[in-house]
Structure formats: structure tokens, C-alpha cells
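# Per-entry structural report
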Amino acid sequence: SQHVESLYKYAKLHFECGNYGQVEAGGQMGAAEFLPIYRMLTSEPTGDKALSSLWGKLAAEVLLEKWDDATSDLTELRNTIDTRSFPSPLQQLQQRTWLIHWSLFVHFKPSASTQPNADSLSQAIDLFFSDKYLQTIQTTCPHVLRYLTTAVITCPRRRNVLNDLVRVIQQEQNTYKDPITEFVECLLINFDFDSAQEKLRQCEQVLSNDYFLQSLKEDFISNARLFIFETYCRIHQCIDINMLADKLNMEKEKAEVWIVNLIRNARLDAKIDSEKHHVIMGNTKPSVYQQVTTKTKSLCFRSYVLGGNFNKQRQKYTEGEEG
């Protein structure tokens with residue numbers, strides 16, 4: 001037991017000295033390698049030091065930019081926090097708050113060489129919208145709504161949670177707001193397109209200055225313009241391109257090319273009157289089949305992620321039984 005505790009101190013020393021672990025195979029071992037060994041050998045696998053070692057391993061993997069390992073650590077930490085018995089609910093709330101903030105490094109990947117992909121953003125959305133963690137965001141860290149909103153807007157296949165996002169933003173509008181959440185409020189709650197246009201301009205500056213969101217700036221602006229266009233088209237049948245370009249904060253020529261490509265790629269029921277510079281929308285409504293497909297298209301991916309996490313846990317359990 002004494003040797004095991006010495007291993008914990010040794011691993012902690014490596015972390016504090018900046019030796020986080022192997023950058024590549026065969027390199028010098030560090031905290032990321034020693035901390036899992038301590039967790040396997042300790043006689044108190046649910047104790048405070050075991051939990052601290054798991055936090056230390058996550059931090060080391062993030063600093064080494066080993067994102068696959070960091071994602072696994074994040075999942076294991078979440079399971080530990082949700083199932084572990086804490087002395088008080090306040091401590092469990094604090095642990096969930098820490099997990100939410102550390103997940104920004106994993107899911108939004110602020111490294112200049114790495115850009116978050118749709119799967120990673122979708123995992124962040126699932127985490128933030130789970131009941132316990134959404135309650136944590138609303139209780140201790142409503143500023144995380146900026147990242148949740150950005151993820152939902154930037155990830156088109158997660159339109160299924162848009163109504164939930166609008167509901168949460170409405171609930172927290174007196175607690176927290178910034179140009180990104182206000183953009184959604186202006187566009188999807190108040191249908192104030194002029195204010196939404198102004199907020200979109202402010203969003204560009206916010207995204208440029210945010211450590212986690214810089215790499216998502218172009219995707220966010222593009223998808224935000226798509227939201228404006230779609231929302232405007234729902235309530236107007238004939239749209240002036242010059243006016244729409246102003247709403248989208250684009251030049252007239254670029255806006256016309258953008259609209260043409262959007263109609264072609266999205267197969268919208270619309271046509272352009274070049275003489276009058278108008279977009280004329282059709283009256284078709286989505287069929288019941290399309291509505292069901294839209295609401296269920298993310299189930300396959302979520303089932304795949306759930307199955308993958310289950311297999312990982314089963315494999316760890318089997319290895320533990322054999323050991």
C-alpha cells in the first residue's frame with residue numbers, strides 16, 4: 001500500500017514538472033502512463049485519490065492532444081461522477097461543472113492544427129442536453145450556453161434539438177446572454193430579422209476572440225445565414241434579393257450566387273426571377289414521411305455511440321476479471 005501511494009506522488013510530481021506522458025511510442029513515460037497504473041493497483045478504486053488520478057490523466061491527454069484517449073477519459077469520468085457517492089450534492093455538482101468545462105477542450109479542440117468535426121460537436125450536444133448536465137449548466141455555468149448554441153447551429157444534422165435550445169435560452173435570458181444566444185433569440189423567438197442581422201455581425205467578433213470557437217467561425221456564419229434564409233422563407237413567398245443580401249450581411253452578387261447554390265444543393269422549391277431580382281418560394285409542405293425521417297435520422301449515430309461505449313466498458317470489465 002505504501003508503494004502504491006508513492007506511485008501516486010511520483011505520477012503527480014511528473015505532472016507538476018510538465019512531463020505529461022509519451023508524445024509518441026517509445027518516448028519517456030509520464031503522468032498519463034503512471035496514473036492509470038495507480039488506479040489499477042490502489043485498494044480504494046472509488047476514493048478521492050483515484051478520482052484525482054482520473055482527472056490528472058484527462059488533463060495530461062488534453063495537453064498531449066491525444067483526443068481519442070481524452071474522449072475515453074471524459075466518458076469514464078462522467079460515469080464515475082454519476083455513480084459515485086459524494087459527501088454532499090454540492091460536491092457532485094462541482095464535479096459535473098468541472099467536467100463540462102474540460103469537455104470544451106475535448107469536443108471543441110482549440111488546437112490550431114485540429115478542427116472539431118460533426119461527431120465531436122454532436123457528442124458535446126448530447127452531454128450538455130442530458131438532464132443532469134443541463135441542470136448543472138443552468139445552475140452554475142450558464143455561460144456554457146454560448147458553446148451549446150454554437151454547436152447546434154454549426155451541426156446541421158442536430159436540428160432536432162433546436163426547439164430544446166430555444167426553450168433553454170428563453171429560460172436563461174435574464175441570467176446570461178451574449179451575441180450568439182441573442183442571435184437565436186432574435187431570429188427564432190422574436191422573428192426580428194434586423195436585430196438578428198446586427199447580432200450576426202457581433203457574433204463574428206465574439207467567435208474570432210473566443211479560444212474554443214475560433215476554428216468554427218466560418219461554419220457558424222454560413223449556417224447562421226442559412227437559418228436566416230430558411231426562417232425568412234417560411235413567412236414570405238416573394239423575397240427581394242437586395243433586401244435578403246442585407247439581411248444576410250452579404251454583397252448583392254455574392255448573395256445571389258449563394259442563394260442559387262443553396263436552392264440547387266438543398267433542392268428547395270424555389271426559383272429566381274432575374275429581371276425583378278426576386279426569389280419566389282413554392283408552397284410545398286414537408287410530408288409526414290419527411291418529418292419522421294428528420295426526427296429519427298440521428299438515432300443511428302446515437303445508437304452507434306452508445307454501442308461503442310458499451311463495448312469499451314465491457315472490454316475493461318473483462319480485462320479486469322482476467323487480471
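Residues numbered from 1 in each chain as written. Predicted model: local features only at pLDDT ≥ 70, side-chain atom pairs only at ≥ 80, totals over all residues. Heavy atoms only, no water.

So, about the confidence of the model for the protein. The pLDDT averaged across the protein works out to 84; a share of 85% of its residues lies at or above 70. When mean pLDDT is compared element by element in the protein, helix α8 (residues 145–154) scores highest at 95, while helix α15 (residues 288–296) scores lowest at 69. (pLDDT = per-residue confidence, 0-100. Helix = DSSP H or I, 4+ residues; strand = E, 2+ residues; numbered from the N terminus.)

This part covers the packing of aromatic side chains. Applying the stated rule across the entire model yields eleven aromatic pairs. Centre to centre, the rings of Y211 and F212 are 5.2 Å apart; their planes meet at 80°, and the pair counts as edge-to-face. Among the aromatic residues, those joined into a cluster by ring pairs are W102, F105, F108, Y147, Y211 and F212. For R84, the ring lying beneath its charged end belongs to F86, and the centroid distance is 4.9 Å. The residue whose ring lies beneath R159 is F227, and the NZ or CZ to ring-centre distance is 4.1 Å. (Phe/Tyr/Trp six-rings, centres within 6.5 Å; stacked < 30°, edge-to-face > 60°. Lys NZ or Arg CZ within 6 Å of the ring centre and 35° of its normal.)

Our next topic: the pattern of salt bridges. Scanning the model with the defined rule gives 15 salt bridges in all. In this structure, the salt-bridge partner of K57 is E61, at a minimum N-O distance of 3.2 Å. Here E61 and K57 lie together in helix α3 (residues 48–63), a separation of four residues that amounts to about one turn. Just as K57 is buried, E61 falls in that class too. For D210, the salt bridge identified is with R146, shortest N-O distance 2.8 Å. (Salt bridge = Lys/Arg side-chain N within 4 Å of Asp/Glu carboxyl O. Buried < 20%, exposed > 50% of the residue type's maximum accessible area, 1.4 Å probe, protein only.)

This paragraph deals with the nonpolar core. F108, F128, F129, F183 and F220 are the most contacted members of the largest nonpolar core, which has 76 residues in total. Not counting chain neighbours up to four residues away, the residues in contact with F183 comprise I153, A196, K199, L200, C203, A224 and I228. Counting eight residues, the second largest nonpolar core, distinct from the first, contains V4, A11, F34 and L35. (Core = buried A, V, L, I, M, F, W, Y, C linked by side-chain atoms within 4.5 Å. Contact = heavy atoms within 4.5 Å.)

Tallied over the entire structure, the rule returns zero disulfides. For C186, which is in no disulfide, the shortest distance to another cysteine sulfur is to C203 and amounts to 9.5 Å. (Disulfide = S-S within 2.5 Å.)

Before going further, it helps to spend a moment on the packing of helix α1 (residues 2–16) against helix α2 (residues 31–41). Taken N-terminus to C-terminus, the directions of α1 and α2 make an angle of 160°; their axes are 9 Å apart at the nearest point. Classified by the angle their axes make, α1 and α2 are roughly antiparallel. In this structure, α1 meets α2 at a crossing whose hand is left-handed. For the pair formed by α1 and α2, the contact residues are V4, E5, L7, Y8, Y10, A11, H14 and F15 on the first element and A31, F34, L35, I37, Y38 and L41 on the second. (Axes fitted to C-alpha atoms, helices over the stretch in contact; angles between N-to-C directions. Parallel < 35°, antiparallel > 145°, perpendicular 65-115°, else oblique. Left-handed = near helix turned anticlockwise from the far one by under 90°.)

A cluster of nonpolar residues, M29, I37, M40 and L41, forms a patch on the protein surface that exposes about 400 Å² of accessible area. In this structure, M40 sits in helix α2. (Patch = residues over 30% accessible without salt bridge, like charges linked within 9 Å, V, L, I, M, F, W, Y side chains within 5 Å. Areas by Shrake-Rupley, 256 points an atom, 1.4 Å probe, with all protein chains shown as cover.)

Attention now moves to the packing of α8 against helix α9 (residues 162–171). How two helices sit against one another is set out by the angle between their axes and by the gap between those axes. α9 packs onto α8 with a crossing angle of 155° between their chain directions and a minimal axis gap of 11 Å. In this view, α8 runs roughly antiparallel relative to α9, as classed from their interaxial angle. The crossing of α8 and α9 is left-handed. Packed against α8, whose contacting residues are L145, L148, T149 and V152, the element α9 presents L162, L165, V168 and I169 at the interface.

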